[in-house]
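Coordinate analysis (summary)
Read off the chains here:
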Amino acid sequence: MDTKIGNGTFDTLKPANCDLGNLPAAPTAAVHCTSTVIASPEATLGRHLARRLVQIGVRDVFSVPGDFNLTLLDHLIAEPNLNLVGCCNELNAGYAADGYARAKGVGACVVTFTVGGLSVLNAIAGAYSENLPVICIVGGPNSNDFGTNRILHHTIGLPDFSQELRCFQTVTCYQALVNNLEDAHEMIDTAVSTALKESKPVYISISCNLPAIPHPTFTREPVPFSISPRMSNQMGLEAAVEAAAEFLNKAVKPVLVGGPKLRVAEVGKAFAGLAEASGYAVAVLPSAKGFVPEKLSHFIGTYWGVVSTAFCAEIVESADAYLFVGPIFDDITSVGYSLLLKKEKAIVVEPDRVVIGNGPAFGCVLMKDFLQALVKKIELNTTSFENYHRIFVPPSVPLESKPGEPLRVNVLFKHIQDMLSGETVVIAEAGDSWFNCQKLKLPDGCGYEFQMQYGSIGWSVGATLGYAQGAKDKRAIACIGDGSFQVTAQDVSTMLRCGQNTIIFLINNGGYTTEVEIHDGPYNVIKNWDYTGLVDAIHNGEGKCWTTRIQYEEELKEAIATATGEKKDCLCFLEVITHRDDTSKELLIWGSRLAAADGRPPNPK
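Worth saying up front: this structure is predicted, and the values here are computed from it rather than measured.

Phe62, Phe413, Phe485, Phe505 and Trp590 are the most contacted members of the largest nonpolar core, which has 98 residues in total. In terms of residue count, the dominant contributor to this core is helix 3 (residues 90–104) (seven residues). Ranked by size, the runner-up nonpolar core spans 39 residues in total, among them Ala240, Ala245, Val349 and Phe370.

Quick look at the sheet that holds strand 5 (residues 107–112) now. A sheet is described by the order of its strands in space; here six strands give the open sequence 4-3-5-6-8-7, paired in parallel fashion. Lying at the two open borders of the sheet, with one neighbouring strand each, are strand 4 (83–86) and strand 7 (175–178). On average, each strand axis in the sheet is tilted by 20 degrees relative to the strand beside it, whichever way the strands run. In this structure, strand 5 lies alongside strand 6 (residues 134–140), joined through six bridges in parallel fashion.

The next thing to look at is the UniProt feature "domain: Thiamine pyrophosphate enzyme central" (unreviewed entry) in the chain. UniProt's feature table lists "domain: Thiamine pyrophosphate enzyme central" (unreviewed entry) at residues 241–360, given in the numbering used throughout. The distance from the first to the last C-alpha atom of residues 241–360 is 12 Å, and the span holds 26% helix and 21% strand.

For Thr309, the location among the structural elements is in the loop between strand 11 (299–302) and helix 10 (312–317). Among all residues touching Thr309, those that are not within four sequence positions of it are Ile300, Gly301 and Thr302. Polar contacts involving the side chain of Thr309 include one to the main-chain amide nitrogen of Thr302, which spans 2.9 Å.

Two measures describe an aromatic ring pair: the distance that separates the ring centres and the angle between the ring planes. Counted under the stated rule, the structure contains 18 aromatic pairs. Residues Phe146 and Phe161 carry aromatic rings whose centres are separated by 5.5 Å and whose planes lie at 80 degrees to one another, so their mutual orientation is edge-to-face. Separated by 15 residues along the polypeptide, Phe146 in the loop between strand 6 and helix 5 (163–168) and Phe161 in the loop between strand 6 and helix 5 bring together distant segments of the chain. On the basis of relative accessible area, Phe146 is assigned to the partly exposed category, the value being 25%. The buried category is assigned to Phe161, whose relative accessible area is 12%.

In the numbering used here, UniProt assigns the "binding site: Mg(2+)" (unreviewed entry) feature to Asp482, Asn509 and Gly511. In sequence the annotated residues extend across 30 residues, while in space they remain close, none of their C-alpha pairs exceeding 7.0 Å. As for its placement among the helices and strands, Asp482 is situated in helix 16 (residues 482–488). Note on placement: Asn509 falls in the loop between strand 19 (503–508) and helix 18 (513–518). Aside from chain neighbours lying at most four places away, what touches Asn509 is Asp482, Thr578, His579 and Arg580.

Strand order across the open sheet formed by six strands is 17-16-18-19-21-20, with parallel pairing between neighbours. Looking along the sheet, the strands with just one partner apiece sit at the ends: strand 17 (447–449) and strand 20 (545–550). Ignoring strand direction, the axes of neighbouring strands in this sheet form an average angle of 15 degrees. For strand 16 (residues 424–428) and strand 17, the ladder comprises three bridges, and the chain directions are parallel. Of the residues in strand 17, the one forming a bridge with Val426 is Tyr448. Its contacts with the sheet put helix 20 (residues 553–564) on strand 18 (475–481), strand 19, strand 20 and strand 21 (571–577), and the angle it makes with strand 20 is roughly 170 degrees.

This part covers the side chain of Asp482. No salt bridge is formed by the buried Asp482. Its closest oppositely charged neighbour is Arg580, at 8.8 Å. At 3.4 Å, the side chain of Asp482 and the backbone nitrogen of Asn509 are in polar contact. Discounting residues that sit within four places of it in the chain, Asp482 has contacts with Leu506, Ile507, Asn508, Asn509, Gly510, Gly511, Ile526 and Tyr531.

As a further point, take the pattern of salt bridges. Enumeration over the complete set of coordinates arrives at 21 salt bridges. Note that Glu553 and Lys414 form a salt bridge whose closest N and O atoms lie 3.7 Å from each other. Of the two residues, Glu553 sits in helix 20 while Lys414 sits in helix 13 (residues 409–419), which places them 139 residues apart along the sequence.

In this section: the pairing of strand 3 (residues 60–63). Going residue by residue along strand 3, you find Asp60 and Phe62 tucked away on one face and Val61 and Ser63 tucked away on the opposite face as well. Across four bridges, strand 3 lies against strand 4 in parallel orientation. Pairing of Phe62 across the sheet is with Val85, part of strand 4. Taking the sense of rotation as the criterion, the β-α-β connection linking strand 3, helix 2 (residues 70–77) and strand 4 turns out right-handed. Sheet analysis places strand 3 next to strand 5, joined by two bridges and oriented parallel. Looking at the pairing, Phe62 lines up with Cys109 of strand 5.

We now examine helix 9 (residues 268–278). Residues Ala270, Phe271, Ala272, Leu274, Ala275 and Ser278 constitute the buried set of helix 9. Turning to helix 9, the residues buried within the fold contact strand 9 (255–258), helix 8 (261–265), strand 10 (281–284), strand 12 (322–325) and helix 11 (367–374). Directly beyond the C-terminal end of helix 9, a positive phi value near 80 degrees is found at Gly279.

Rules of the game
Residues numbered from 1 in each chain as written. Predicted model: local features only at pLDDT ≥ 70, side-chain atom pairs only at ≥ 80, totals over all residues. Heavy atoms only, no water. Core = buried A, V, L, I, M, F, W, Y, C linked by side-chain atoms within 4.5 Å. Buried < 20%, exposed > 50% of the residue type's maximum accessible area, 1.4 Å probe, protein only. Helix = DSSP H or I, 4+ residues; strand = E, 2+ residues; numbered from the N terminus. Pairing = 2+ DSSP bridges. Axes fitted to C-alpha atoms, helices over the stretch in contact; angles between N-to-C directions. UniProt positions renumbered as here; feature names shortened; annotations may be inferred. Contact = heavy atoms within 4.5 Å. Polar contact = N/O pair within 3.5 Å; in protein donor to acceptor, adjacent residues only side chain to side chain. Phe/Tyr/Trp six-rings, centres within 6.5 Å; stacked < 30°, edge-to-face > 60°. Lys, Arg positive; Asp, Glu negative; His and termini not counted. Salt bridge = Lys/Arg side-chain N within 4 Å of Asp/Glu carboxyl O. Right-handed = clockwise from strand over helix to strand, strands pointing away.

See below:
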């Protein structure tokens, strides 16, 4: 039996000279193998780590060199199936590993001690919030320096080397501090397997003097390890399914809503099967766009409270039962906690837990098992979709632009819609692109990625780099605001070095528009750049790059035709000039609601 993780495969094997079983469930447990293999020059710690990464499906590692990781980088480069992608800074390397994990199932980055580690920390925190298995590798101090009371460079001037480790403890699910060879093998293997099992980032620090040293535990071909599959409690599963079926089958107009945890539970097909079998109106939370096929026969769009897809909120909030699968109800998703939902009407399905209304709750029940079993018990009920169909009015189209009229954002996204296919992926930066991209109708197979829970501006540049590197069969279309682009613009350089053909729509409206709609002030106005000139300078005649500045619809049409035609093999940078106040109505509503939530006065003591 094979257990597939990312694009790699672990075969469950048991060599004659090695008692190797499945990984125990506890994150701190490790594979332990006694081997009689004599260490070869290639059986080093660095090569072992490289082969483990290849084995789990990683082909590209995003890195920034520093003196503590240089030898380790030598050994990663020596692995023929591993490509080292040098980034302009550690933050972008982390964002790129995040994007790569979205495309391939797992990602990795390598930085240097403390100055690199603390720089990449923000990206790792974002990956943690999005349940992405990212392996963050840090080149650490020489093993001889631990416990010597010495002060090292790249630190805060104290002889305590644990600062970086303590910072990572809250944003990773496992931390391996490798400063000796004897337990390095099992620590690395445990970290890698834990990242995959928990679908969260892990931290591996490797002393700078260890990667090149052979050791008997590092065989030339690492023994494959397997990960124990999680299993539902059968009695709990049956009870949860019975209770849920009874709850839903007596409802008059139930609905089904998918959430962002659909990804970590890997239940896309099971969710689609339940959607078709139930006949319910099907929606997604905004953070789950792209996880549910929009070709489903009863799909009604995005449920996002008052900024939902047209007529979606009316159907969800008027239902007498809602089945939420993998939701997260934070202040952004709930539009400042303003959703008109009642807990007693909801079934909430978590990756390993089911809660029926105000109770009962059933633990040790896996989402996939629950959805597959519920299909057999659910009764067909199309009432909620019929109600949607009854009130639905097709969306209007933007007013036609007059010759020479400044380009409007709604016209821009009308044309982006026409570019989408199963061979594209949309990457939406935090800001008004969230709202405009939510309205895009995704063709079958079209990818969609954004970072809603963490919402770190600038994420999209690195994430686009990583995603495009991991999914070379898709052309990335990134929608990025000028404020966000200023945070991480440098790694357009790395996109060019990697020969990527991404299309970047740089929406230049002169500031942090999202912040303006929450709380305006002079701090939301930024220095305007010549963005097209900047990318031309980064290009510097090396690689394939095409840039243009767009102010009118006629120019937009010509630019898109060029980008998808003669320049289809180039990185295409389209700077779109828009008015500062040209925002979606959804952003205006959402911004005011979030401002009200943020501005709530303290409760009286």
